[in-house]
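So you can see what is in the structure, the chains are spelled out below.
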Amino acid sequence: MNKHEQDLQEVVDQAIAQQKVPHVKFKKIDPEGVDIARLTSQSKETRQERWGKGLTALAIVIIAILIVSIIGFVGFHGLATFVNDKVNVFHFLFTSSWNPGAGKEHVGAAAMIVTSFAVTLLAALLATPFAIAIALFMTEYESGRQTRFLQSVMELLVGIPSVVYGFLGLTVIVPVIRTIFGGTGFGILAATLILFVMVLPTITSLTVDAFKAVPKDLRQSSAALGATRWQTIYHVVLRAARPRILTAIIFGMARAFGEALAVQMVIGNAVLMPYNLVSPAATLTSQLTSQMGNTVMGTLPNNALWSLALLLLIMSLVFNFLVRLIGKKR
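Cut-off values and rules
Residues numbered from 1 in each chain as written. Predicted model: local features only at pLDDT ≥ 70, side-chain atom pairs only at ≥ 80, totals over all residues. Heavy atoms only, no water. Helix = DSSP H or I, 4+ residues; strand = E, 2+ residues; numbered from the N terminus. Buried < 20%, exposed > 50% of the residue type's maximum accessible area, 1.4 Å probe, protein only. Contact = heavy atoms within 4.5 Å. Areas by Shrake-Rupley, 256 points an atom, 1.4 Å probe, with all protein chains shown as cover. Core = buried A, V, L, I, M, F, W, Y, C linked by side-chain atoms within 4.5 Å. Salt bridge = Lys/Arg side-chain N within 4 Å of Asp/Glu carboxyl O. Patch = residues over 30% accessible without salt bridge, like charges linked within 9 Å, V, L, I, M, F, W, Y side chains within 5 Å. Axes fitted to C-alpha atoms, helices over the stretch in contact; angles between N-to-C directions. Left-handed = near helix turned anticlockwise from the far one by under 90°. 1 Å grid on protein atoms, 1.4 Å probe; cavity = no way out; pocket = protein on both sides within 12 Å on 5 of 7 lines; lining within 4 Å. Points joined across faces, edges and corners; volume = space filled by probe spheres on them. Nonpolar A, V, L, I, M, F, W, Y, C, P; charged D, E, K, R; others polar. Expected span 1.5 Å × (residues − 1). Arc of directions from axis to C-beta.

A. Spatial organisation of the overall build of the protein chain. Along the backbone of the protein chain there are 14 helices and 0 strands. In the protein chain, which comprises 330 residues, the share counted as buried stands at 37%. Intrachain contacts of the protein chain at a sequence separation of at least 6 include 68% that bridge at least 24 residues. For the protein chain, the exposed surface amounts to about 19500 Å²; the carbon and sulfur share of it is 66%.

Shown next as structure tokens:
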């Protein structure tokens, strides 16, 4: 018996000898009946806790490796356009001539970058007022059957596949725009309307959570000062929830910026600088999904598409950075 076990044996002996009221665990137990080795060995719960910590650490390591691998893979192929094919970065970002098969002088993604940002910003601007209005109704004005119905509608909109949105846009929205404004009906306006419906549930759900996070004490204090319900909402609730609302908007923009299939079906896929909302255009994602299968790995057209993917990845990281920045300044 080592010194640690001897010390533990002395403590047990002293506890048994000094007890005045026999404890249920010490009843009919003499010092010789205490198994010191069992007391010092690991319990089943301890082993389970160590297994749980090990599995959690392993999952974190796997996820970290996966993220680094994706970034490294996309970065390696995306930078090949500039390293191997000697395409100028500024030429790639600020010119709109896109025909990589004709040479590096025609690798300009400006038209797709402008269209992607235009569609994303317009969809966010259109969806945000509706999302805030729905969230206010669900949290400040109604909390019964209507709220549950709207929550079910939001969940239904989230669960609809992108191809269904694209098909509805192709068969309903595009013909309506063609009838009203003329032309083909394809363009930024059709893509904006599709993305408006797709990002509305995301912004609404996060905005509802933002309003619910506002302490009730603020509302009660405002009411005690004689403010009306709308004054309380406008001057207290909206201001207190502003950082979370901005976070919801950024998440919605990230969803819109990365959407591919639905946008591809209604935007026209013409790599041209858009001059109005109803002229055919192309986004970064629509060009990737429509052209990646038509290129050969390692060629300039394929490397150029990987550069578009790298640009999308960078924008996703930027959106995440903005979310964290807003969270820190909350």
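B. Representation of the nonpolar core in the model. One finds Phe92, Trp98, Met112, Phe211, Leu284 and Leu308 to be the most contacted residues of the largest nonpolar core, which totals 72 residues. Broken down by element, the residue count for this core peaks at 14 residues, all from helix α14 (residues 300–328). When near neighbours in sequence (up to four residues on either side) are disregarded, Trp98 contacts Phe92, His106, Val107, Gly108, Ala109, Met112, Val271, Gln287, Ala304, Leu305 and Leu308.

C. Region of the structure containing the pattern of salt bridges. For the coordinates displayed, the defined rule picks out 3 salt bridges. Between Glu140 and Arg219 there is a salt bridge, and its shortest N-O distance comes to 2.7 Å. One end of the pair, Glu140, is in helix α5 (residues 110–141); the other, Arg219, is in helix α9 (residues 216–224), and 79 residues separate them in sequence. Of the residues examined, Glu140 reaches a relative accessible area of 16% and is grouped as buried. Take Arg219: its relative accessible area is 19%, and that puts it in the buried class. The residue Glu259 makes a salt bridge to Arg255 at a minimum N-O spacing of 4.0 Å.

D. Here's a closer look at the side chain of Ser279. Its location among the elements puts Ser279 in the loop between α12 (261–267) and α13 (284–291). A residue is classified by how much of its surface remains accessible, and Ser279, at 5% relative accessible area, is buried. Not counting the four nearest positions on each side in its chain, Ser279 is found in contact with Phe186, Gly187, Ile188 and Pro274.

E. Up close: a nonpolar patch on the surface. Where nonpolar side chains cluster on the molecular surface, the patch consists of Val163, Val164, Leu168, Val172, Val176, Ile180, Phe181 and Leu261 and spans about 690 Å² of accessible area. Sorting elements by how many residues they give to the nonpolar patch places helix α7 (residues 162–181) first, with 7 residues. Mapped onto the secondary structure, Leu261 falls in helix α12.

F. Quick look at the packing of α13 against α14. At a minimum axis distance of 10 Å, the contact between α13 and α14 shows a crossing angle of 140°. As for the relative orientation of α13 and α14, their crossing is left-handed in sense. In this structure, α13 uses Leu284, Thr285, Gln287, Leu288 and Gln291 to contact α14, whose residues at the interface are Leu305, Leu308, Ala309, Leu311 and Leu312.

G. Representation of empty space enclosed by the protein in the model. Taken as a whole and judged by the stated rule, the model has 1 cavity of 30 Å³ or more. Its volume calculated, the largest cavity comes out at about 50 Å³. Forming the walls of the largest cavity are Ser116, Val119, Thr120, Leu195, Ala256, Phe257, Glu259, Val263, Thr283 and Thr285. Mapped onto the lining of the largest cavity, the elements with two or more residues apiece are α5 and α11 (242–258). The greatest single-element share of the lining of the largest cavity, amounting to 3 residues, is contributed by α5. A breakdown of the residues in the lining of the largest cavity according to their chemical character gives 5 nonpolar, 4 polar and 1 charged.

H. Structural detail: helix α6 (residues 145–159). With 15 residues, α6 should reach 21 Å at 1.5 Å per residue; the first-to-last C-alpha distance of 21 Å fits that figure. Residues of α6 that are buried: Thr147, Met154 and Leu157. All buried residues of α6 project into a common sector of 85° when viewed along the axis, lining one side. In α6, the exposed positions that point more than 90 degrees away from the buried face belong to Arg145, Arg148, Phe149, Glu155, Leu156 and Gly159. Where the residues of α6 are buried, they touch α5, α7 and α8 (188–212).

In short, the description is geometric, and any link to function would need to be established separately.
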